[in-house]
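Here's the letter readout for the chains.
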Amino acid sequence: MEQVKKAEIMDEGAMRRAINRISYEIIECNHGASNLVLAGVRTRGVFLAERMAAKITEVEGACPQVISLDITGFRDDKPEEKDCVYLPEIENISNKTVIIVDDVLYTGRTVRAAMEAVLHMGRAQRIQLAALIDRGHRELPIRPDFVGKNLPTSRVETVRVNMKEFDGKDSVVILTGAAEE
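Residues numbered from 1 in each chain as written. Predicted model: local features only at pLDDT ≥ 70, side-chain atom pairs only at ≥ 80, totals over all residues. Heavy atoms only, no water.

Novice: Which residues make up helix H2 (residues 44–60), and what values go with them?
Specialist: Helix length check: H2 (17 residues) gives 24 Å between terminal C-alpha atoms against 24 Å at 1.5 Å per residue, within 8%. Among the residues of H2, those classed as buried are Arg44, Gly45, Val46, Phe47, Leu48, Ala49, Met52, Ala53, Lys55 and Ile56. Looking one or two places after H2, you find Gly61, whose phi comes out positive at around 80 degrees. (Helix = DSSP H or I, 4+ residues; strand = E, 2+ residues; numbered from the N terminus. Expected span 1.5 Å × (residues − 1). Buried < 20%, exposed > 50% of the residue type's maximum accessible area, 1.4 Å probe, protein only.)

Next up, the structure:
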């Protein structure tokens, strides 16, 4: 079934404001930017993490490390890919706060896989979660620490985050007529 745009939820300005707000909340909650690692879930989560790191650096003068998380080998819905585990090169994370950054939080299964990937890198001091969009429909007891927008949706809708770096423009849209993600 073809996907049809139902509504544009965020334009470029709204996305920028949400990313800035999340960045400020991260600084406030963590009492600054020292010992932060932003772990972006590939693909769009990495771009979000890079933008948040830039804003945190602008405000705090300290640049948090940004890593790209490939969660493919940690997914529970694709057991055939368990041998495809790729972890980013990072120094010891034992004294770090790792913030998993994703574009859309839905069932929680992607975040579960991201947490497993982080745990394979070592024992972080703590793990937090930042999501641009929280659309509900959780299958696991996972809640974001930082969220740009809560967006109640039906299961037949798809939330698409477009990023300039990957899609050529910034926007968040709801699509209908698509199969469940």
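Once the structure has been displayed, the description carries forward.
Novice: Any chance you could break down the sheet that holds strand E4 (residues 97–105) for me, citing the residues and the numbers?
Specialist: A sheet is described by the order of its strands in space; here 5 strands give the open sequence E3-E2-E4-E5-E6, paired in parallel fashion. For this open sheet the edge positions go to strand E3 (65–69) and strand E6 (146–150), each flanked by a neighbour on one side alone. With strand direction ignored, the average angle separating the axes of adjacent strands in the sheet is 25 degrees. Relative to strand E5 (residues 126–134), E4 is paired through 8 bridges, and the arrangement is parallel. For Thr97, the partnering residue across the bridge sits in E5 and is Arg126. With respect to the sheet, H2 is in contact with strand E2 (36–41), E3, E4 and E5, its orientation differing from that of E2 by roughly 150 degrees. (Pairing = 2+ DSSP bridges. Axes fitted to C-alpha atoms, helices over the stretch in contact; angles between N-to-C directions. Contact = heavy atoms within 4.5 Å.)

Novice: Any details on the environment of Ala53? Residues and values, ideally.
Specialist: With respect to the secondary-structure elements, Ala53 resides in helix H2. According to the relative accessible area criterion, Ala53 is buried, its value standing at 4%. Placed 30 residues apart in sequence, Ala53 and Ser23 show a C-alpha to C-alpha distance of 7.7 Å. The contacts of Ala53, once residues within four sequence positions are left out, are Leu38, Pro64 and Val66.

Novice: Tell me about the pairing of strand E8 (residues 171–176), residues and numbers included.
Specialist: Counting buried residues along E8, 5 of its 6 residues qualify, which places the element largely inside the surrounding structure. In this sheet, E8 lies alongside strand E1 (residues 4–10) in antiparallel orientation, the contact comprising 5 bridges. Bridging from a neighbouring strand, Glu8 pairs with Val173 of E8.

Novice: Tell me about the nonpolar core, residues and numbers included.
Specialist: With 30 residues, the main nonpolar core has Leu132 and Ile133 as its most contacted residues. Mapped onto this core, the elements with two or more residues apiece are helix H1 (12–29), E2, H2, E4, E5, strand E7 (158–162) and E8. Element by element, the count of residues in this core is highest for H1, at 7 residues. Non-local contacts of Ile133, meaning those with residues more than four positions away in its chain, are made with Met10, Asp103, Val104, Leu105, Val147, Lys149, Leu151, Val159, Val161 and Val172. Within the second largest apolar cluster, 22 residues are counted, among which are Ile71, Ile100, Ala114 and Ala117. (Core = buried A, V, L, I, M, F, W, Y, C linked by side-chain atoms within 4.5 Å.)

Novice: Could you give an account of the sheet that holds E7, naming the residues involved and the relevant values?
Specialist: The 3 strands are arranged E1-E8-E7 in an open sheet whose pairing can be described as antiparallel. Each edge of the open sheet is held by one strand with a lone partner, namely E1 and E7. On average, adjacent strands in this sheet sit at an angle of 30 degrees to one another, irrespective of strand direction.

Novice: Give a detailed account of unusual backbone geometry, specifying residues and quantitative values.
Specialist: Look at the link from Arg42 to Thr43: it is a cis peptide, with omega at 10 degrees. In this fold, Thr43 is placed in the loop between E2 and H2. In this model, His137 sits at a positive phi of 70 degrees, which is unusual for a non-glycine residue. As for its position among the elements, His137 is in the loop between E5 and E6.

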